[in-house]
Amino acid sequence: MTEIRLRFPPSPTGYLHIGGARTALYNWLYARKMGGKLILRIEDTDSERSTEASTDGILDGLKWLGIDYDEGPYFQSHFAANHRAAAQRLLDSGHAYKCFCAKEELEVKRQAALAAKLPFVGYDRACRHLTPEQIAAKEDAGLPHVIRFKTPDRQGMLGYNDMVLGRIEVNYKEIDDFVIVRSDGSPLYLLCNVADDIRDRISHVVRGQDHMTNTLKQVLLYEALAAPLPIFAHIPLTLDNKKAKISKRSHGEVVAVQFYKEMGFLPWAFNNYLVLLGWSPGTDQEFFSRDELISAFSLERINKSSAIFNYTKGDAKFFTDPKAIAINEHYLRTMPIAELAPLVEEELRQAGIWDEAYADEKRSWFLEVITLIRDRFHTLKDFSTAGRAYFAEDYVIEEKPLKKNVAPYPELKNWLPLLADRLAALNPFTAERAEETARAMAEELSQKPGVLMNAMRAILTGQLAGPAMFDILLVIGQETVVRRLRQTERLFPAQ
Ligand code: GLU
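Our subject in this report is the structure included herewith. (Residues numbered from 1 in each chain as written. Predicted model: local features only at pLDDT ≥ 70, side-chain atom pairs only at ≥ 80, totals over all residues. Heavy atoms only, no water.)

Re the site of the ligand
Taken together, the neighbourhood of the ligand is formed by Arg 7, Pro 9, Pro 10, Ser 11, Glu 43, Tyr 189, Asn 193, Arg 207 and His 211. Side-chain polar atom of Glu 43 to a nitrogen atom of the ligand: 2.7 Å apart, as the coordinates give it. A total of 300 Å² of accessible area belongs to the ligand in isolation, and the protein chains cover 81% of it. Among the residues forming the shell around the ligand, the class breakdown is 3 nonpolar, 3 polar and 3 charged. (Near = heavy atom within 4 Å. Polar contact = N/O pair within 3.5 Å; in protein donor to acceptor, adjacent residues only side chain to side chain. Areas by Shrake-Rupley, 256 points an atom, 1.4 Å probe, with all protein chains shown as cover. Nonpolar A, V, L, I, M, F, W, Y, C, P; charged D, E, K, R; others polar.)

Laid out in C-alpha cells, this is it:
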C-alpha cells in the first residue's frame, strides 16, 4: 500500500484563522488515524504578500493547538527550480505551449466573445498550433510569452472522486488552456502546488472548497506529469450566521486562532470545537479525548454544506460562538486538576500573580482553590480576573455586588469590622463556626443572614456569585478574611 501522506500548506499572507486551523486539524487527524505523515509546507511563492511574521504566527498557532507535523516546514520558494522543471517537462512532452498573444489583444477578443454571448469565453487557442518555425520567429523578434497548458481535445467529462462530495465533473470543452508560467518566467501557483505535492508524495489533499476550481485543472496536470492522482477531499467553507465569509476585516480578531489563545481557551477544547465545525461523528458524542477523536474521525463524515461560525458582532453576552465557549467550559470544569493546574499556573504567571509556593508548600491549597472556583469559569483568563482575589490583593470589587448588596446597607461599614473581630477570635477557625458567628451577628442586628453573607462575598472576592461562602472563607484563610473585612473603604470609597 502506498504511504498515507497529507499536508497543510498555508500561504503566509495573514494570520491563522479558524478555517485554516480546521483544515490543519482535519489533515492532522486523518494522518494520525491512518498512521500516516503530515507535512507542513509554507506556500510563500507570492513574495509580495508573504511575511515572516505571518509564518511565525501560523507556526505558533499550530503549536498552541498541538497540531504537530512529521516533515517540514518546507518553504515553497526554495523549490522554484523544481516548479520551472515541471513547466519545462510539460512543454517538452507537448502538454503545454508558448503563447505570444498580447494581453490587450486577448482582452479585445474576450470582450467580443462576451458581447456575442458565446457559451465559452476562454482563450481561443490561437498559439496552440504554431509551428516550431513560427515560435522561433516570434522569439527572435523578442516577443514575450506565457506558457499555457494544452487541455486535451477530448469529448465528455473530466472528473475525480471527492471523498466528501462524491463525483465532481466538468465538460472538457469548458476548460480553458490555462496559463502555467507567466511572461516573466515564474510558474503560477496552480502548478507549483501540484509540483510540490508530487515531490512530497502527497496521497490525500484535504482542503477548503474554495480550491475546487483549481482542482479540475490540477487533475489534468497530474495526468500530464504522469503522476498518480491523490485522493481529494474538499471541506465546506466556514460562514458567519448571516452566511457571509468570515474574515478579520469584517469580524475582527475573533476569527483568528491567536484570539482564543489570548482569551485563555484550552487548546484541546478549541480543537474539539473546530472539528465539529464541518464534521460530525454520526453519534451524539460531543466531547472527545485526543485518542477518541483520532479514532472517530473520517473524511467521509465531513459535511457537504457550509459550517456556521455562530458569532454575532457586538453581542455582549457571547464574545464568540457560544458553542466554542460551552465546549471550553466543559473541559475547564471537568478535566483532571493535574492537567489544568499547569495551564492555570501559566495564566497566573502572565498576570504577574504566580507565587512559587503554589508549586511547593502551598501546592495542595492551590489545587483546592482551582477545584473550588473553576465551576463558574469560562476561560483560563477567569483565574486571573474573576478569581483574582484568591491569589492577590489587587482584585477589583465589581459594580454589580456593590450596587446590589452593599450600597443599600451603609451600616456595613460598621458591621463588617465587627464581624472581623468575632471571626478573629475563633480558634479553631472552621466553616461551621464561621457560619454560626455570621448568623448570630445578623440576628443581633435584626438583619437577614444574607445581608452579611453577600457583603462578605463582595469584599472578600469582588464578585456577585461564586462558590459556597464558607468554603471561600476556608481557602482564603482566617487572617486574610479578617484583614479584608476591615477594609470597608474598598466598599465605600471616600466621597
Ligand atoms: N496555500 C493554499 C492556501 O493557503 C493552500 C492550497 C492547498 O491546500 O492546496 O489556501
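With respect to the packing of aromatic side chains
In total, this model carries 24 aromatic pairs according to the counting rule given. Summarising the aromatic geometry, the rings of Tyr 260 and Phe 270 are spaced 4.3 Å apart at their centres and angled 25 degrees between planes, so their arrangement reads as stacked. Here the residue Tyr 260 occupies a position in helix H9 (residues 257-262), and Phe 270 occupies one in helix H10 (residues 267-276), the gap between them amounting to 10 residues. Phe 270 shares its class with Tyr 260; the two are buried. Over the ring of Tyr 395 we find Arg 490; its NZ or CZ atom is 4.3 Å from the centre of that ring. (Phe/Tyr/Trp six-rings, centres within 6.5 Å; stacked < 30°, edge-to-face > 60°. Helix = DSSP H or I, 4+ residues; strand = E, 2+ residues; numbered from the N terminus. Buried < 20%, exposed > 50% of the residue type's maximum accessible area, 1.4 Å probe, protein only. Lys NZ or Arg CZ within 6 Å of the ring centre and 35° of its normal.)

Section: the nonpolar core
Core analysis: the biggest nonpolar cluster contains 113 residues, and Phe 270, Phe 383, Leu 423 and Leu 485 have the highest contact counts within it. If you tally residues by element for this core, the top one is helix H1 (residues 18-33), at 9 residues. Here Phe 383 is in contact with Leu 332, Leu 340, Val 344, Leu 348, Ile 370, Ile 373, Arg 374, Phe 377, Arg 388 and Phe 391, once residues within four sequence places are set aside. If you look at the next biggest cluster of nonpolar residues, it comprises 33 residues, including Phe 149, Ile 168, Ile 180 and Leu 225. (Core = buried A, V, L, I, M, F, W, Y, C linked by side-chain atoms within 4.5 Å. Contact = heavy atoms within 4.5 Å.)

Observations regarding the sheet that holds strand S4 (residues 96-99)
Two modes of strand pairing occur in sheets, parallel and antiparallel, and in both the strands are linked by backbone hydrogen bonds. What the 3 strands build is an open sheet, ordered S4-S5-S8; its pairing is antiparallel. Both edges of this open sheet fall to S4 and strand S8 (179-181), since each of them pairs with a single strand only. For this sheet, the mean angle separating the axes of adjacent strands, direction not counted, is 45 degrees. In the sheet, S4 pairs with strand S5 (residues 146-149) via 4 bridges, with the strands oriented antiparallel. Along S5, the bridge assignment pairs Ala 96 with Phe 149. (Pairing = 2+ DSSP bridges. Axes fitted to C-alpha atoms, helices over the stretch in contact; angles between N-to-C directions.)

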